[in-house]
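Inside the fold
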Amino acid sequence: MKKIKSILLFVCMAAGLAACKKNSSNDNFDVVAQFNADTTAIRAYIVKNSIPATKHESGVFYQIITPGTGSVEYKPSTTVTAHYSGRVLGNTATFDSTEGKAPAAFPLGGVITGWQIGVPLIQKGGTIRLIIPSYHGYGNRATGSIPANSILDFNITLVDVN
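Keep in mind that what you see is a predicted model, and the values were worked out from it rather than measured.

About the cut-offs
- Residues numbered from 1 in each chain as written.
- Predicted model: local features only at pLDDT ≥ 70, side-chain atom pairs only at ≥ 80, totals over all residues.
- Heavy atoms only, no water.
- Helix = DSSP H or I, 4+ residues; strand = E, 2+ residues; numbered from the N terminus.
- Contact = heavy atoms within 4.5 Å.
- Areas by Shrake-Rupley, 256 points an atom, 1.4 Å probe, with all protein chains shown as cover.
- Pairing = 2+ DSSP bridges.
- Phe/Tyr/Trp six-rings, centres within 6.5 Å; stacked < 30°, edge-to-face > 60°.
- Buried < 20%, exposed > 50% of the residue type's maximum accessible area, 1.4 Å probe, protein only.
- Core = buried A, V, L, I, M, F, W, Y, C linked by side-chain atoms within 4.5 Å.
- Salt bridge = Lys/Arg side-chain N within 4 Å of Asp/Glu carboxyl O.

**So, the overall build of the protein chain**
Each helix and strand in the protein chain was counted, giving three helices and seven strands. Reading the protein chain from its N end, one meets helices and strands in the order α-α-β-β-β-β-β-α-β-β. Within the protein chain, counting contacts between residues at least 6 apart in sequence, those at least 24 apart form 64% of the total. As displayed, the protein chain offers around 9,000 Å² of accessible surface, 56% of which is attributable to carbon and sulfur atoms.

If you want it as structure tokens, here you go:
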């Protein structure tokens, strides 16, 4: 069953990449080439910085720092309350953070795909580091202070999951 799910995920991802490539606002943008470049950059970064990250079948890299406790089965409607900080990979400047603030709450289906993939790997009280290729982040569009095609690096601690 797991093998079938993996094959379906691969087929869906390939179809999605192909669809994005065809529908890109920039006809010369190659989603697959960008995804491969991001993966190469992430691998080099984790080796250089001795980060014990694991590559998810989606292409998101993660490091479970604390798994947390519970047995929540995540759905897009699951409300996640978290403390987090996000940076562009290799930068020390944080582009978004809950540091010094109340944790943020949001439905899992309302966040970037990289979070939808990574957050369910932990439970309440858990902490994870996600290194997200641009495809699973904001893609080839700039968002606020985040440049287009940015690899994102998040530290997330789940305060609550409902």
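**Description of the pairing of strand 4 (residues 94-97)**
Strand residues, when the strand is regular, have side chains that alternate between the two faces of the sheet. Strand direction decides the pairing type here: strand 3 (residues 79-88) and strand 4, joined by three bridges, are antiparallel. Residue Gly86 lies in a different strand from strand 4, and its bridge partner there is Asp96. Following strand 3, the chain reverses through five residues before pairing antiparallel with strand 4; Gly90 in that reversal takes a positive phi of roughly 90°.

**Details of the packing of aromatic side chains**
Under the counting rule described, the total for this entry stands at six aromatic pairs. Seen in terms of ring centroids, Phe35 and Tyr135 are 6.1 Å apart; in terms of plane orientation they differ by 90°. Their pairing is edge-to-face. In this pair, Phe35 sits in helix 2 (residues 31-48) while Tyr135 sits in the loop between strand 6 (127-132) and strand 7 (152-161), placing the two residues 100 residues apart along the sequence. Taking relative accessible area as the criterion, Phe35 reaches 10% and is therefore assigned buried.

**Some remarks on the nonpolar core**
Of all hydrophobic cores here, the largest spans 24 residues; its most connected members are Trp115, Ile156 and Leu158. Top element by residues in this core is strand 7. It accounts for five residues. Each residue touching Trp115, except ones within four places of it in the same chain, is listed here: Tyr84, Phe106, Leu108, Pro120, Leu130, Ile132, Phe154 and Ile156. By size, the runner-up hydrophobic cluster in this structure holds seven residues, among which are Ile42, Ile46, Ile51 and Ile151.

**Overview of the side chain of Thr39**
Its place among the elements puts Thr39 in helix 2. Apart from the residues within four sequence positions on either side, Thr39 is in contact with Lys55 and Phe61.

**Considerations on the pattern of salt bridges**
Oppositely charged side chains may form a pair once their charged atoms are brought near each other. Considering all chains together, one arrives at three salt bridges under this definition. As a salt-bridge pair, Asp153 and Arg87 come within 3.4 Å of each other at their nearest N and O atoms. Taken as a pair, Asp153 in strand 7 and Arg87 in strand 3 lie far apart in primary sequence, 66 residues in all. Since its relative accessible area comes to 1%, Asp153 is described here as buried. Lys124 is the salt-bridge partner of Asp160, the closest N and O atoms lying 3.6 Å from each other. Highlighted residues: Asp160 in strand 7 and Lys124 in the loop between helix 3 (113-118) and strand 6, separated in sequence by 36 residues. Take Lys124: its relative accessible area is 42%, and that puts it in the partly exposed class.

These results come straight from atomic positions and should not be treated as a statement about function.
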